[in-house]
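Fold and contact review
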Amino acid sequence: MFMRIDHVGIACHDLEEKIALFEQTFELTVVAREVNEEQGVKEAMLHIADGNGGGSYIQLLEPLGPDTPVGKFLAKRGEGVHHVAFGVPDVAEAMREIGGKGVRLLDEKPRHGTMGSSIAFLHPKDVGGMLTELVQAPKH
């Protein structure tokens, strides 16, 4: 079902500061920036590597406000890993299969993700305490 780790989402207070840190420390390159009003974040995707199943990235997330999911995460836990995202060939099918095994889905249907992807989240309490995202890369 999983083809790769698509990205690791990292919550931060200052997107520009963290971009500079990852560029200078790890020599990563920003390949996309977005403001996602629906999710309440400014984000940047930094490319790590390409593999057979597609690319892998670090996703830096700055909340648009304190009442957004990432804003609440930062207030409670501080900066750090927010979620892990796995690449899947078909996000809707993965949702059906995983949901059929009793895992609660935070999304009823796939929604728009970064760089034109389709995404859905799984309830962290059902997958070992980790917020988990399913990502279907856009068709090219």
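Data block above holds the structure.
Residues numbered from 1 in each chain as written. Predicted model: local features only at pLDDT ≥ 70, side-chain atom pairs only at ≥ 80, totals over all residues. Heavy atoms only, no water.

Structural notes on the overall build of the protein
Under the convention used in this document: To qualify as a helix, a DSSP run of H or I must reach at least 4 residues; to qualify as a strand, a run of E must reach at least 2; elements of each kind are numbered from the N terminus. Atoms counted for the radius of gyration: C-alpha only. Globule rule: 2.2 Å times residue count to the power 0.38. Type-normalised accessible area, obtained with a 1.4 Å probe on protein chains alone, sets the label of each residue: buried when under 20%, exposed when over 50%, and partly exposed for intermediate values. Two residues qualify as a contact provided that any one of their heavy atoms is within 4.5 Å of a heavy atom in the partner residue. Here the accessible surface of atoms and residues is derived via Shrake-Rupley with a 1.4 Å probe, and residues count as covered only by protein chains that are part of the display.
Broken down by element type, the protein carries 3 helices and 8 strands. Its helices and strands taken in sequence order, the protein reads β-α-β-β-β-α-β-α-β-β-β from the N to the C terminus. A globule of 140 residues ought to have a C-alpha radius of gyration of about 14 Å, and the protein, at 15 Å, matches this closely. When its C-alpha atoms are laid out on the principal axes, the protein stretches across 40 × 35 × 25 Å. Within the protein, buried positions represent 44% of all 140 residues. A fraction of 55% describes how many contacts in the protein between residues 6 or more apart in sequence connect residues 24 or more apart. Counting only carbon and sulfur atoms, one obtains 53% of the accessible surface of the protein, whose full area is about 7,700 Å².

Considering the side chain of Thr68
Just so we agree on the cut-off: Here a polar contact means two N or O atoms within 3.5 Å. Within protein one must be a hydrogen donor candidate and the other an acceptor candidate, and residues neighboring in sequence count only if both atoms are side-chain atoms.
With respect to the helices and strands, the residue Thr68 is situated in the loop between strand S4 (54-63) and helix H2 (69-77). At 2.8 Å, the side chain of Thr68 forms a polar contact with the backbone oxygen of Gly65. Only 3.0 Å separates the side chain of Thr68 from the backbone nitrogen of Gly71, close enough to count as a polar contact. Contact partners of Thr68, with chain neighbours within four places excluded, come to Gln39, Gly40 and Pro63.

Description of the pattern of salt bridges
Close approach of charged atoms allows side chains with opposite charge to pair. What counts is decided by this rule: Salt bridges are defined as contacts in which a side-chain nitrogen from Lys or Arg sits within 4 Å of a carboxyl oxygen from Asp or Glu.
Applying the stated rule across the entire model yields 10 salt bridges. The closest approach of N and O atoms between Arg111 and Glu38, which form a salt bridge, is 3.7 Å. With Arg111 in strand S6 (residues 111-112) and Glu38 in the loop between strand S2 (29-36) and strand S3 (41-51), the pair connects residues that are 73 residues apart, well separated along the chain. Using a relative accessible area of 22% as the deciding quantity, one classes Arg111 as partly exposed. Given the relative accessible area of 56%, Glu38 is considered exposed. Ionic pairing is found between Lys42 and Glu62, a salt bridge with its closest N-O pair at 3.6 Å. One end of the pair, Lys42, is in strand S3; the other, Glu62, is in strand S4, with 20 residues separating them in the sequence. Since its relative accessible area comes to 31%, Lys42 is described here as partly exposed. Take Glu62: its relative accessible area is 15%, and that puts it in the buried class. One connected set of salt bridges, linked through shared partners, spans Glu17, Lys18 and Glu79.

A word on the sheet that holds strand S7 (residues 118-122)
Put simply, the test is: In this analysis, strands are considered paired if DSSP registers two or more bridges between them.
Spatially, 8 strands are ordered S2-S3-S4-S1-S5-S8-S7-S6 in an open sheet, and the strand pairing comes out mixed. Both edges of this open sheet fall to S2 and S6, since each of them pairs with a single strand only.

As for helix H1 (residues 15-26)
Within an α-helix, residues lying three or four positions from one another point in the same direction, as the helix has 3.6 residues per turn. Definition in use: In a helix, the anticipated span is given by 1.5 Å times the number of residues less one. Note that the arc is defined by the directions from the helix axis to the C-beta atoms.
Helix length check: H1 (12 residues) gives 16 Å between terminal C-alpha atoms against 16 Å at 1.5 Å per residue, within 8%. Among all positions in H1, only Leu15, Lys18, Ile19 and Phe22 are buried. Down the axis of H1, the smallest arc covering the buried residues is 105°, so these residues share one side. Buried residues belonging to H1 abut strand S1 (4-11), S2, S3 and S4. Looking at the residues trailing H1, positive phi occurs at Glu27, about 55°.

So, to be careful, I would describe these as geometric facts and stop short of saying anything about function.
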